[in-house]
Amino acid sequence: MQFILIKNLFEDFKPYLEKEISIGGFIRTYRSSKSVSFMELNDGTFFKPIQVVLNETTLGKENEALFLTGAAVKITGKIVPTPGMKQPFELAASSAELLAACPPDYPLQKKRHTLEYLRTIAHLRARTNTYYAAFKIRSVLSFAIHKFFNDRGFTYIHTPIITTSDCEGAGEMFRVTTLPPGETDPAKDFFGKDARLTVSGQLNGEAFCFPFRNIYTFGPTFRAENSNTPRHAAEFWMVEPEMAFCDLNMNMELAEDMIKSIIADTITNAMPELEFFNEFIEPGLLDKLNALLNKDFARITYTQAIEQLKKAKSDFAYPADWGCDLQTEHEKYLTEEVYKGPVFVTDYPKKIKSFYMRQNGDGKTVAAMDLLLPGVGEIIGGSQREEREEKLLARMKELGLNEKSYDWYVDTRRYGGVYHSGFGLGLERILMVITGLKNIRDVIPFPRTAGSASY
Ligand code: 4AD
Ligand code: MG
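Because the structure is predicted, anything quoted here is derived from the model rather than measured. (Residues numbered from 1 in each chain as written. Chains lettered and ligands numbered in written order. Predicted model: local features only at pLDDT ≥ 70, side-chain atom pairs only at ≥ 80, totals over all residues. Heavy atoms only, no water.)

(A) Representation of a nonpolar patch on the surface in the model. Together, I161, I162, F190 and F191 make up an exposed nonpolar region whose accessible area comes to about 400 Å². With respect to the helices and strands, F190 occurs in the loop between β8 (175-176) and β9 (195-197). For F190, a relative accessible area of 61% corresponds to the exposed category. (Patch = residues over 30% accessible without salt bridge, like charges linked within 9 Å, V, L, I, M, F, W, Y side chains within 5 Å. Areas by Shrake-Rupley, 256 points an atom, 1.4 Å probe, with all protein chains shown as cover. Salt bridge = Lys/Arg side-chain N within 4 Å of Asp/Glu carboxyl O. Helix = DSSP H or I, 4+ residues; strand = E, 2+ residues; numbered from the N terminus. Buried < 20%, exposed > 50% of the residue type's maximum accessible area, 1.4 Å probe, protein only.)

(B) Seen up close, the state of the cysteines. Per the stated rule, a full pass over the model turns up 0 disulfides. C246 takes part in no disulfide bond, and the closest cysteine sulfur to it belongs to C209, at a distance of 9.3 Å. Classification of C246 as buried rests on a relative accessible area of 5%. (Disulfide = S-S within 2.5 Å.)

(C) Structural view of the nonpolar core. Among the nonpolar cores identified, the biggest contains 91 residues, and L9, M39, I50, I75, I259, I379 and I380 are the most heavily contacted of them. With 12 residues, the single largest contributor to this core is helix α5 (residues 129-151). Both domain 1 (6-100) and domain 2 (121-442) contribute no fewer than three residues apiece to this core. Not counting chain neighbours up to four residues away, the residues in contact with M39 comprise I27, T29, Y30, I50, Q51, V52, L54, F67, V73 and I75. (Core = buried A, V, L, I, M, F, W, Y, C linked by side-chain atoms within 4.5 Å. Domains from an automatic or database assignment. Contact = heavy atoms within 4.5 Å.)

(D) Inspection of the pairing of strand β2 (residues 36-42) at higher detail. Note: strand β1 (residues 21-32) against β2, 6 bridges, orientation antiparallel. In the sheet register, S32 faces β2, and the bridge partner there is S37. Hairpin connection from β1 to β2: 3 residues lie between these consecutive antiparallel strands. In this sheet, strand β3 (residues 50-55) lies alongside β2 in antiparallel orientation, the contact comprising 6 bridges. Its bridge partner being in β3, S37 is matched across the sheet by L54. (Pairing = 2+ DSSP bridges.)

(E) Spotlight on the site of ligand 1. Inspection of the region around ligand 1 gives 25 residues, with E168, Q202, R223, E240 and E378 positioned closest. With respect to ligand 1, the side chain of E240 contributes an N or O atom lying 2.7 Å from a nitrogen atom. Between ligand 1 and G426, the relevant distance is 3.2 Å, taken from an oxygen atom to a main-chain nitrogen or oxygen of the residue. Burial of ligand 1 by the protein amounts to 93% of the accessible area it has alone, namely 630 Å². Of all the secondary structure elements, the ones that give two or more residues to the shell around ligand 1 are β11 (235-244), β15 (377-384) and β16 (420-426). Among the elements that line the shell around ligand 1, the one with the most residues is β15, at 5 residues. Grouping the amino acids of the shell around ligand 1 by side-chain chemistry returns 9 nonpolar, 8 polar and 8 charged. (Near = heavy atom within 4 Å. Polar contact = N/O pair within 3.5 Å; in protein donor to acceptor, adjacent residues only side chain to side chain. Nonpolar A, V, L, I, M, F, W, Y, C, P; charged D, E, K, R; others polar.)

(F) Expanded view of the packing of α5 against helix α8 (residues 271-280). Running from amino to carboxyl end, α5 crosses α8 at an angle of 130 degrees, the nearest separation of the two axes being 9 Å. Between α5 and α8, the angle falls in the class oblique. The hand of the α5/α8 crossing is left-handed. Along its contact with α5, which presents N129, T130, Y132, A133, A134, K136 and I137, the element α8 presents E273, L274, F276 and F277. Residue composition of the contact of α5 with α8, by class: 7 nonpolar, 2 polar and 2 charged. (Axes fitted to C-alpha atoms, helices over the stretch in contact; angles between N-to-C directions. Parallel < 35°, antiparallel > 145°, perpendicular 65-115°, else oblique. Left-handed = near helix turned anticlockwise from the far one by under 90°.)

(G) Fine view of helix α11 (residues 328-338). Those residues of α11 that fall on the buried side of the exposure criterion are H330, E331, Y333, L334 and T335. Where the residues of α11 are buried, they touch α10 (302-311), β13 (343-346), β14 (368-373) and β15. Residue K340 follows α11 closely and has a positive phi angle near 45 degrees.

(H) Region of interest: the side chain of E172. Take E172: it is sitting in the loop between β7 (162-163) and β8. For the buried residue E172, which engages in no salt bridge, the nearest side chain bearing the opposite charge is R223, 4.7 Å off. Not counting residues within four places of it along the chain, the set of residues in contact with E172 comprises V199, F222, R223, A224 and E225. (Lys, Arg positive; Asp, Glu negative; His and termini not counted.)

(I) The arrangement of the sheet that holds β9 in detail. Pairing is antiparallel across the open sheet formed by 3 strands, whose spatial order is β7-β9-β8. The strands lining the two open edges of the sheet, one partner per strand, are β7 and β8. Pairing geometry for β7 and β9, over 2 bridges, is antiparallel. Directly across from T163, in β9, lies its bridge partner R196.

(J) Structural context of the pattern of salt bridges. Summed over all chains, the structure comprises 25 salt bridges. D442 serves as the salt-bridge partner of R125, at 3.6 Å between the closest nitrogen and oxygen. Of the two residues, R125 sits in the loop between α4 (115-119) and α5 while D442 sits in the segment after α14 (427-435), which places them 317 residues apart along the sequence. By relative accessible area, D442 is classed as buried at 1%. Linking E331 and R231 is a salt bridge whose minimum nitrogen-to-oxygen distance equals 3.4 Å. Separated by 100 residues along the polypeptide, E331 in helix α11 and R231 in the loop between β10 (214-222) and β11 bring together distant segments of the chain. With respect to class, E331 is no different from R231; both count as buried. Through salt bridges with shared partners, a single ionic network connects R119, R125 and D442.

Structure follows, in C-alpha coordinates:
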(Lines give C-alpha, C1' and ligand atoms only; values in the text may rest on other atoms or scores of the structure.)
(Ligands and ions follow the chains in the order given, each with its own letter.)
Protein backbone atom coordinates (compact mmCIF):
# COMPACT_ATOMS: atom_id res chain seq x y z
CA MET A 1 0.00 0.00 0.00
CA GLN A 2 1.22 3.52 -0.80
CA PHE A 3 1.77 5.74 2.21
CA ILE A 4 -0.19 8.98 2.30
CA LEU A 5 2.13 11.96 2.81
CA ILE A 6 1.63 14.21 5.83
CA LYS A 7 2.21 17.24 3.60
CA ASN A 8 -0.85 16.32 1.52
CA LEU A 9 -2.98 15.95 4.62
CA PHE A 10 -2.02 19.40 5.86
CA GLU A 11 -2.75 20.87 2.43
CA ASP A 12 -6.27 19.37 2.44
CA PHE A 13 -7.34 16.44 4.56
CA LYS A 14 -10.97 16.31 3.38
CA PRO A 15 -10.44 13.93 0.43
CA TYR A 16 -9.03 11.39 2.91
CA LEU A 17 -11.93 11.40 5.36
CA GLU A 18 -13.79 8.11 5.87
CA LYS A 19 -11.06 6.14 4.10
CA GLU A 20 -8.55 3.79 5.64
CA ILE A 21 -5.09 5.24 5.04
CA SER A 22 -1.54 4.35 6.07
CA ILE A 23 1.29 6.64 7.01
CA GLY A 24 4.97 5.72 7.24
CA GLY A 25 6.94 7.92 9.58
CA PHE A 26 9.19 8.38 12.57
CA ILE A 27 8.01 8.80 16.14
CA ARG A 28 8.74 12.23 17.53
CA THR A 29 6.94 11.81 20.84
CA TYR A 30 4.90 9.07 22.43
CA ARG A 31 2.68 9.55 25.49
CA SER A 32 0.79 6.61 26.79
CA SER A 33 -1.97 6.50 29.34
CA LYS A 34 -4.29 3.77 30.50
CA SER A 35 -6.84 3.65 27.75
CA VAL A 36 -5.45 5.90 25.04
CA SER A 37 -2.02 6.89 23.77
CA PHE A 38 -0.79 9.77 21.62
CA MET A 39 1.98 9.71 19.11
CA GLU A 40 3.45 12.56 17.08
CA LEU A 41 4.69 11.35 13.77
CA ASN A 42 6.87 13.04 11.12
CA ASP A 43 7.35 11.59 7.67
CA GLY A 44 9.81 14.16 6.35
CA THR A 45 7.35 15.77 3.96
CA PHE A 46 6.11 18.50 6.28
CA PHE A 47 7.49 20.54 9.15
CA LYS A 48 4.65 19.75 11.52
CA PRO A 49 3.96 16.26 12.84
CA ILE A 50 0.62 14.51 12.61
CA GLN A 51 -1.04 13.49 15.86
CA VAL A 52 -1.95 9.81 16.06
CA VAL A 53 -4.38 8.46 18.63
CA LEU A 54 -4.01 4.82 19.58
CA ASN A 55 -5.86 2.63 22.03
CA GLU A 56 -4.72 -0.52 23.75
CA THR A 57 -6.17 -2.85 21.15
CA THR A 58 -4.48 -1.19 18.19
CA LEU A 59 -1.10 -1.29 19.79
CA GLY A 60 -0.86 -4.31 22.01
CA LYS A 61 0.89 -3.60 25.28
CA GLU A 62 3.73 -5.97 24.40
CA ASN A 63 4.75 -3.66 21.54
CA GLU A 64 4.58 -0.47 23.49
CA ALA A 65 8.15 -0.63 24.81
CA LEU A 66 9.35 -0.49 21.20
CA PHE A 67 7.46 2.66 20.30
CA LEU A 68 10.25 5.05 21.23
CA THR A 69 11.23 8.38 19.77
CA GLY A 70 13.09 7.83 16.51
CA ALA A 71 11.52 4.48 15.64
CA ALA A 72 10.04 4.07 12.15
CA VAL A 73 6.43 2.88 12.12
CA LYS A 74 3.55 2.20 9.80
CA ILE A 75 0.23 3.46 11.15
CA THR A 76 -3.08 2.59 9.55
CA GLY A 77 -6.33 4.30 10.47
CA LYS A 78 -8.79 7.05 9.66
CA ILE A 79 -8.44 10.83 9.61
CA VAL A 80 -10.77 12.48 12.09
CA PRO A 81 -11.43 16.24 12.05
CA THR A 82 -10.67 17.96 15.37
CA PRO A 83 -12.26 21.40 15.10
CA GLY A 84 -11.02 23.89 17.65
CA MET A 85 -7.86 21.94 18.43
CA LYS A 86 -4.29 23.02 17.66
CA GLN A 87 -4.28 20.77 14.61
CA PRO A 88 -7.29 20.53 12.31
CA PHE A 89 -7.30 16.71 12.25
CA GLU A 90 -5.75 13.62 13.78
CA LEU A 91 -5.26 10.01 12.79
CA ALA A 92 -7.31 7.46 14.73
CA ALA A 93 -5.18 4.36 14.41
CA SER A 94 -6.60 0.90 13.88
CA SER A 95 -3.20 -0.78 13.68
CA ALA A 96 0.43 0.11 14.29
CA GLU A 97 3.45 -1.74 13.02
CA LEU A 98 7.09 -1.22 13.98
CA LEU A 99 9.26 -0.95 10.82
CA ALA A 100 12.62 -0.05 12.38
CA ALA A 101 13.38 0.16 16.07
CA CYS A 102 15.28 2.99 17.75
CA PRO A 103 16.87 2.01 21.07
CA PRO A 104 16.87 4.20 24.19
CA ASP A 105 20.46 5.39 23.65
CA TYR A 106 19.22 7.50 20.67
CA PRO A 107 20.72 10.93 21.42
CA LEU A 108 17.51 12.73 20.49
CA GLN A 109 15.31 10.91 23.02
CA LYS A 110 15.69 13.98 25.19
CA LYS A 111 13.60 16.85 23.93
CA ARG A 112 15.89 19.83 24.21
CA HIS A 113 19.56 19.99 23.34
CA THR A 114 21.85 22.95 22.81
CA LEU A 115 22.83 23.80 19.24
CA GLU A 116 26.46 23.28 20.30
CA TYR A 117 25.75 19.69 21.27
CA LEU A 118 23.69 19.07 18.13
CA ARG A 119 26.61 20.25 15.98
CA THR A 120 28.54 17.22 17.24
CA ILE A 121 25.91 14.90 15.72
CA ALA A 122 25.44 16.45 12.29
CA HIS A 123 24.26 13.09 10.93
CA LEU A 124 21.26 13.13 13.30
CA ARG A 125 20.54 16.78 13.94
CA ALA A 126 18.35 17.31 10.84
CA ARG A 127 15.76 15.23 12.73
CA THR A 128 15.19 18.16 15.12
CA ASN A 129 12.81 21.02 14.35
CA THR A 130 15.54 23.65 14.23
CA TYR A 131 17.72 21.88 11.71
CA TYR A 132 14.90 20.44 9.66
CA ALA A 133 13.63 24.00 9.27
CA ALA A 134 17.09 25.37 8.48
CA PHE A 135 17.83 22.83 5.76
CA LYS A 136 14.33 22.99 4.29
CA ILE A 137 14.74 26.76 3.98
CA ARG A 138 18.19 26.24 2.46
CA SER A 139 16.53 24.16 -0.26
CA VAL A 140 13.62 26.55 -0.79
CA LEU A 141 16.02 29.48 -0.99
CA SER A 142 18.31 27.75 -3.48
CA PHE A 143 15.35 27.08 -5.72
CA ALA A 144 14.23 30.72 -5.37
CA ILE A 145 17.69 31.84 -6.50
CA HIS A 146 17.55 29.69 -9.62
CA LYS A 147 14.03 30.92 -10.29
CA PHE A 148 15.04 34.57 -9.93
CA PHE A 149 17.79 34.28 -12.52
CA ASN A 150 15.91 31.94 -14.82
CA ASP A 151 12.91 34.32 -14.88
CA ARG A 152 15.27 37.07 -16.04
CA GLY A 153 16.84 35.02 -18.82
CA PHE A 154 20.20 34.40 -17.11
CA THR A 155 22.14 31.34 -18.26
CA TYR A 156 23.36 29.01 -15.52
CA ILE A 157 27.05 28.20 -15.96
CA HIS A 158 28.92 25.48 -14.08
CA THR A 159 32.32 26.98 -13.39
CA PRO A 160 35.14 24.66 -12.29
CA ILE A 161 35.77 23.68 -8.71
CA ILE A 162 39.37 22.75 -9.36
CA THR A 163 41.11 25.83 -10.68
CA THR A 164 44.53 27.13 -11.65
CA SER A 165 43.64 30.84 -11.20
CA ASP A 166 43.35 32.65 -7.89
CA CYS A 167 40.35 34.98 -8.10
CA GLU A 168 40.65 36.91 -4.88
CA GLY A 169 44.44 36.85 -4.56
CA ALA A 170 44.16 36.53 -0.80
CA GLY A 171 46.31 33.40 -0.52
CA GLU A 172 43.47 31.41 0.96
CA MET A 173 43.35 28.47 -1.42
CA PHE A 174 43.41 24.74 -0.65
CA ARG A 175 45.88 22.83 -2.78
CA VAL A 176 44.67 19.89 -4.89
CA THR A 177 47.45 17.39 -5.36
CA THR A 178 48.26 13.71 -5.77
CA LEU A 179 51.97 14.20 -5.13
CA PRO A 180 53.45 11.90 -2.49
CA PRO A 181 54.73 13.58 0.70
CA GLY A 182 58.12 15.17 0.12
CA GLU A 183 57.62 15.65 -3.64
CA THR A 184 57.12 19.35 -4.43
CA ASP A 185 57.64 19.66 -8.18
CA PRO A 186 54.28 20.83 -9.64
CA ALA A 187 55.32 19.48 -13.05
CA LYS A 188 55.07 15.96 -11.61
CA ASP A 189 51.62 16.60 -10.18
CA PHE A 190 48.33 15.27 -11.57
CA PHE A 191 47.62 18.31 -13.76
CA GLY A 192 51.28 19.00 -14.46
CA LYS A 193 50.89 22.26 -12.54
CA ASP A 194 49.75 23.74 -9.29
CA ALA A 195 45.97 23.35 -8.85
CA ARG A 196 43.64 24.62 -6.13
CA LEU A 197 40.03 24.55 -4.98
CA THR A 198 38.24 27.64 -6.24
CA VAL A 199 37.50 30.60 -3.96
CA SER A 200 35.03 32.03 -6.49
CA GLY A 201 33.69 31.19 -9.94
CA GLN A 202 33.87 34.80 -11.02
CA LEU A 203 36.79 34.83 -13.44
CA ASN A 204 35.35 31.89 -15.40
CA GLY A 205 31.91 33.50 -15.11
CA GLU A 206 33.24 36.69 -16.68
CA ALA A 207 34.43 34.75 -19.74
CA PHE A 208 30.85 33.54 -20.22
CA CYS A 209 29.05 36.88 -19.75
CA PHE A 210 30.25 38.00 -23.19
CA PRO A 211 28.72 35.16 -25.20
CA PHE A 212 25.61 34.87 -22.99
CA ARG A 213 25.31 38.47 -21.71
CA ASN A 214 23.77 37.55 -18.35
CA ILE A 215 25.02 34.47 -16.53
CA TYR A 216 25.26 33.12 -13.01
CA THR A 217 27.16 30.40 -11.26
CA PHE A 218 25.93 28.79 -8.06
CA GLY A 219 28.16 26.28 -6.38
CA PRO A 220 30.57 25.43 -3.59
CA THR A 221 33.59 27.61 -2.94
CA PHE A 222 36.49 27.01 -0.58
CA ARG A 223 38.60 29.28 1.59
CA ALA A 224 41.44 28.34 3.88
CA GLU A 225 40.74 31.41 5.99
CA ASN A 226 42.02 30.76 9.44
CA SER A 227 39.34 32.87 11.05
CA ASN A 228 37.25 31.09 13.63
CA THR A 229 34.17 33.30 13.52
CA PRO A 230 30.45 32.50 13.50
CA ARG A 231 30.22 33.66 9.86
CA HIS A 232 33.19 32.04 8.12
CA ALA A 233 33.28 28.51 6.76
CA ALA A 234 36.03 26.78 4.79
CA GLU A 235 33.42 25.36 2.38
CA PHE A 236 30.40 27.48 1.53
CA TRP A 237 28.10 28.14 -1.40
CA MET A 238 28.16 31.27 -3.50
CA VAL A 239 25.78 32.68 -6.10
CA GLU A 240 27.62 34.78 -8.66
CA PRO A 241 25.88 36.60 -11.50
CA GLU A 242 27.94 38.38 -14.15
CA MET A 243 26.39 40.83 -16.60
CA ALA A 244 27.79 42.40 -19.78
CA PHE A 245 26.77 46.01 -20.54
CA CYS A 246 26.18 46.51 -16.81
CA ASP A 247 27.64 49.22 -14.57
CA LEU A 248 27.95 49.41 -10.81
CA ASN A 249 24.51 50.99 -10.28
CA MET A 250 22.73 48.36 -12.37
CA ASN A 251 24.70 45.75 -10.46
CA MET A 252 23.35 47.08 -7.14
CA GLU A 253 19.81 47.25 -8.52
CA LEU A 254 19.99 43.60 -9.48
CA ALA A 255 21.42 42.63 -6.08
CA GLU A 256 18.63 44.48 -4.27
CA ASP A 257 15.93 42.95 -6.49
CA MET A 258 17.42 39.50 -5.97
CA ILE A 259 17.54 39.77 -2.16
CA LYS A 260 13.92 40.97 -2.04
CA SER A 261 12.68 38.38 -4.50
CA ILE A 262 14.34 35.38 -2.82
CA ILE A 263 13.15 36.45 0.63
CA ALA A 264 9.60 36.93 -0.68
CA ASP A 265 9.70 33.46 -2.28
CA THR A 266 10.92 31.91 0.96
CA ILE A 267 8.10 33.60 2.89
CA THR A 268 5.63 32.13 0.39
CA ASN A 269 7.10 28.64 0.37
CA ALA A 270 8.44 27.98 3.88
CA MET A 271 5.97 29.62 6.26
CA PRO A 272 5.76 26.81 8.88
CA GLU A 273 9.56 26.83 9.16
CA LEU A 274 9.75 30.64 9.36
CA GLU A 275 7.03 30.72 12.02
CA PHE A 276 9.10 28.27 14.04
CA PHE A 277 12.20 30.48 13.83
CA ASN A 278 10.07 33.52 14.60
CA GLU A 279 8.85 31.86 17.80
CA PHE A 280 11.95 30.05 19.04
CA ILE A 281 15.09 31.52 17.48
CA GLU A 282 14.60 35.22 16.68
CA PRO A 283 11.43 36.90 17.96
CA GLY A 284 10.39 39.51 15.39
CA LEU A 285 12.03 37.63 12.52
CA LEU A 286 8.98 37.75 10.24
CA ASP A 287 8.53 41.49 10.80
CA LYS A 288 12.21 41.98 10.04
CA LEU A 289 11.96 40.04 6.76
CA ASN A 290 8.78 41.81 5.69
CA ALA A 291 10.37 45.16 6.46
CA LEU A 292 13.34 44.26 4.22
CA LEU A 293 10.96 43.73 1.31
CA ASN A 294 9.64 47.26 1.55
CA LYS A 295 12.81 49.14 2.29
CA ASP A 296 15.06 50.94 -0.17
CA PHE A 297 18.59 49.78 0.54
CA ALA A 298 20.84 52.72 1.48
CA ARG A 299 23.82 53.49 -0.77
CA ILE A 300 26.91 55.24 0.56
CA THR A 301 30.50 55.43 -0.51
CA TYR A 302 33.27 53.97 1.59
CA THR A 303 34.53 57.51 2.20
CA GLN A 304 31.11 58.54 3.55
CA ALA A 305 31.06 55.38 5.69
CA ILE A 306 34.39 56.32 7.25
CA GLU A 307 33.07 59.84 7.94
CA GLN A 308 30.02 58.36 9.69
CA LEU A 309 32.22 56.06 11.75
CA LYS A 310 34.54 58.88 12.77
CA LYS A 311 31.53 60.86 14.01
CA ALA A 312 30.23 57.84 15.97
CA LYS A 313 30.01 57.99 19.72
CA SER A 314 30.71 54.23 19.94
CA ASP A 315 34.15 53.14 21.06
CA PHE A 316 35.49 50.87 18.36
CA ALA A 317 38.22 48.36 19.10
CA TYR A 318 39.63 49.19 15.64
CA PRO A 319 39.60 52.89 14.76
CA ALA A 320 37.98 53.59 11.40
CA ASP A 321 40.63 55.28 9.29
CA TRP A 322 40.42 55.83 5.54
CA GLY A 323 42.20 52.86 3.94
CA CYS A 324 41.31 50.25 6.56
CA ASP A 325 38.91 47.40 5.89
CA LEU A 326 35.53 47.73 7.60
CA GLN A 327 35.43 45.59 10.74
CA THR A 328 32.39 43.71 12.04
CA GLU A 329 31.82 46.42 14.65
CA HIS A 330 31.83 49.08 11.90
CA GLU A 331 29.36 47.12 9.75
CA LYS A 332 27.16 46.68 12.81
CA TYR A 333 27.20 50.38 13.59
CA LEU A 334 26.35 51.42 10.03
CA THR A 335 23.51 48.91 9.53
CA GLU A 336 22.06 48.85 13.03
CA GLU A 337 22.63 52.38 14.34
CA VAL A 338 22.87 54.73 11.37
CA TYR A 339 20.80 53.25 8.52
CA LYS A 340 18.77 50.67 10.45
CA GLY A 341 18.65 48.37 7.46
CA PRO A 342 20.65 47.14 4.46
CA VAL A 343 23.45 49.38 3.21
CA PHE A 344 25.48 49.21 0.01
CA VAL A 345 28.97 50.57 0.56
CA THR A 346 30.71 51.50 -2.70
CA ASP A 347 34.02 52.79 -4.00
CA TYR A 348 36.47 51.19 -1.60
CA PRO A 349 40.18 51.99 -1.58
CA LYS A 350 41.82 49.89 -4.28
CA LYS A 351 44.48 48.72 -1.79
CA ILE A 352 41.98 46.56 0.10
CA LYS A 353 40.13 45.13 -2.91
CA SER A 354 40.91 42.59 -5.62
CA PHE A 355 42.88 43.23 -8.79
CA TYR A 356 39.93 42.86 -11.19
CA MET A 357 37.87 45.78 -9.88
CA ARG A 358 37.45 48.80 -12.13
CA GLN A 359 39.68 51.69 -11.13
CA ASN A 360 37.95 54.99 -10.52
CA GLY A 361 39.19 58.31 -11.92
CA ASP A 362 40.51 59.45 -8.52
CA GLY A 363 43.35 56.89 -8.75
CA LYS A 364 42.60 55.75 -5.19
CA THR A 365 39.32 53.87 -5.25
CA VAL A 366 37.65 51.11 -7.26
CA ALA A 367 34.03 50.56 -8.40
CA ALA A 368 33.31 48.01 -5.69
CA MET A 369 30.12 47.39 -3.77
CA ASP A 370 29.50 45.40 -0.60
CA LEU A 371 25.99 44.86 0.75
CA LEU A 372 25.86 44.95 4.54
CA LEU A 373 22.88 43.74 6.56
CA PRO A 374 22.03 44.17 10.23
CA GLY A 375 23.04 41.09 12.22
CA VAL A 376 25.46 39.39 9.84
CA GLY A 377 27.26 42.27 8.12
CA GLU A 378 28.59 41.63 4.59
CA ILE A 379 26.43 39.24 2.58
CA ILE A 380 27.42 40.38 -0.93
CA GLY A 381 30.70 41.49 -2.43
CA GLY A 382 30.79 42.71 -6.01
CA SER A 383 32.09 45.28 -8.46
CA GLN A 384 32.22 46.67 -11.94
CA ARG A 385 35.17 44.88 -13.54
CA GLU A 386 38.26 46.50 -15.01
CA GLU A 387 37.56 46.06 -18.71
CA ARG A 388 40.48 48.24 -19.95
CA GLU A 389 43.31 45.90 -20.82
CA GLU A 390 46.16 48.30 -20.07
CA LYS A 391 44.72 49.29 -16.68
CA LEU A 392 44.13 45.65 -15.76
CA LEU A 393 47.68 44.68 -16.73
CA ALA A 394 49.16 47.60 -14.82
CA ARG A 395 47.24 46.65 -11.69
CA MET A 396 48.28 43.01 -11.98
CA LYS A 397 51.89 44.06 -12.30
CA GLU A 398 51.58 46.34 -9.27
CA LEU A 399 50.27 43.44 -7.23
CA GLY A 400 52.89 41.01 -8.51
CA LEU A 401 50.40 38.59 -10.08
CA ASN A 402 51.79 36.00 -12.46
CA GLU A 403 50.69 37.43 -15.79
CA LYS A 404 51.06 34.19 -17.65
CA SER A 405 48.49 32.35 -15.61
CA TYR A 406 45.96 35.14 -16.28
CA ASP A 407 46.59 35.23 -20.06
CA TRP A 408 43.19 33.86 -20.84
CA TYR A 409 41.52 36.39 -18.53
CA VAL A 410 43.24 39.30 -20.26
CA ASP A 411 42.13 37.81 -23.60
CA THR A 412 38.50 38.38 -22.58
CA ARG A 413 39.33 42.12 -22.49
CA ARG A 414 41.21 42.14 -25.76
CA TYR A 415 38.40 40.52 -27.71
CA GLY A 416 35.35 42.73 -27.30
CA GLY A 417 35.71 43.14 -23.56
CA VAL A 418 32.84 45.52 -22.97
CA TYR A 419 32.09 47.00 -19.53
CA HIS A 420 30.53 44.45 -17.19
CA SER A 421 29.74 43.80 -13.54
CA GLY A 422 28.84 41.08 -11.10
CA PHE A 423 28.71 40.09 -7.49
CA GLY A 424 28.85 37.13 -5.13
CA LEU A 425 26.21 36.35 -2.52
CA GLY A 426 27.19 33.99 0.31
CA LEU A 427 24.30 31.54 0.55
CA GLU A 428 24.95 30.81 4.23
CA ARG A 429 25.09 34.50 5.12
CA ILE A 430 21.63 35.18 3.68
CA LEU A 431 20.40 31.98 5.34
CA MET A 432 21.54 33.36 8.67
CA VAL A 433 19.49 36.48 7.99
CA ILE A 434 16.41 34.48 7.01
CA THR A 435 16.50 31.90 9.82
CA GLY A 436 17.84 34.10 12.62
CA LEU A 437 20.48 31.43 13.35
CA LYS A 438 23.62 33.18 14.52
CA ASN A 439 26.26 30.61 13.59
CA ILE A 440 27.17 29.58 10.04
CA ARG A 441 27.71 26.01 11.35
CA ASP A 442 23.96 25.78 11.85
CA VAL A 443 22.94 26.47 8.25
CA ILE A 444 25.34 24.04 6.47
CA PRO A 445 24.42 20.34 6.62
CA PHE A 446 27.98 19.18 7.28
CA PRO A 447 30.07 22.26 8.09
CA ARG A 448 33.81 22.56 7.48
CA THR A 449 35.63 25.23 9.46
CA ALA A 450 39.22 25.81 10.54
CA GLY A 451 40.21 22.88 12.74
CA SER A 452 37.00 20.95 12.13
CA ALA A 453 35.85 18.66 9.30
CA SER A 454 33.92 15.56 10.32
CA TYR A 455 31.99 13.23 8.04
O1 4AD B 1 33.44 39.30 -1.07
P2 4AD B 1 33.88 38.01 -1.70
O3 4AD B 1 35.22 37.50 -1.33
O4 4AD B 1 33.74 38.23 -3.26
C5 4AD B 1 34.13 37.34 -4.23
O6 4AD B 1 34.58 36.25 -4.05
C7 4AD B 1 33.84 37.85 -5.61
N8 4AD B 1 34.69 37.10 -6.54
C9 4AD B 1 32.38 37.68 -5.91
C10 4AD B 1 31.99 38.22 -7.28
O11 4AD B 1 32.09 39.40 -7.50
N12 4AD B 1 31.56 37.36 -8.18
O13 4AD B 1 32.81 36.88 -1.35
C14 4AD B 1 31.46 37.05 -1.71
C15 4AD B 1 30.56 36.66 -0.57
C16 4AD B 1 30.76 37.46 0.71
O17 4AD B 1 30.09 38.68 0.66
C18 4AD B 1 30.18 36.52 1.75
O19 4AD B 1 28.77 36.59 1.75
C20 4AD B 1 30.58 35.16 1.20
O21 4AD B 1 30.81 35.31 -0.18
N22 4AD B 1 31.79 34.65 1.86
C23 4AD B 1 31.79 33.69 2.81
N24 4AD B 1 30.78 33.01 3.39
C25 4AD B 1 31.11 32.10 4.32
N26 4AD B 1 32.37 31.81 4.69
C27 4AD B 1 33.43 32.46 4.15
N28 4AD B 1 34.66 32.16 4.51
C29 4AD B 1 33.14 33.46 3.15
N30 4AD B 1 33.92 34.28 2.39
C31 4AD B 1 33.07 34.98 1.63
MG1 MG C 1 34.05 40.60 0.39
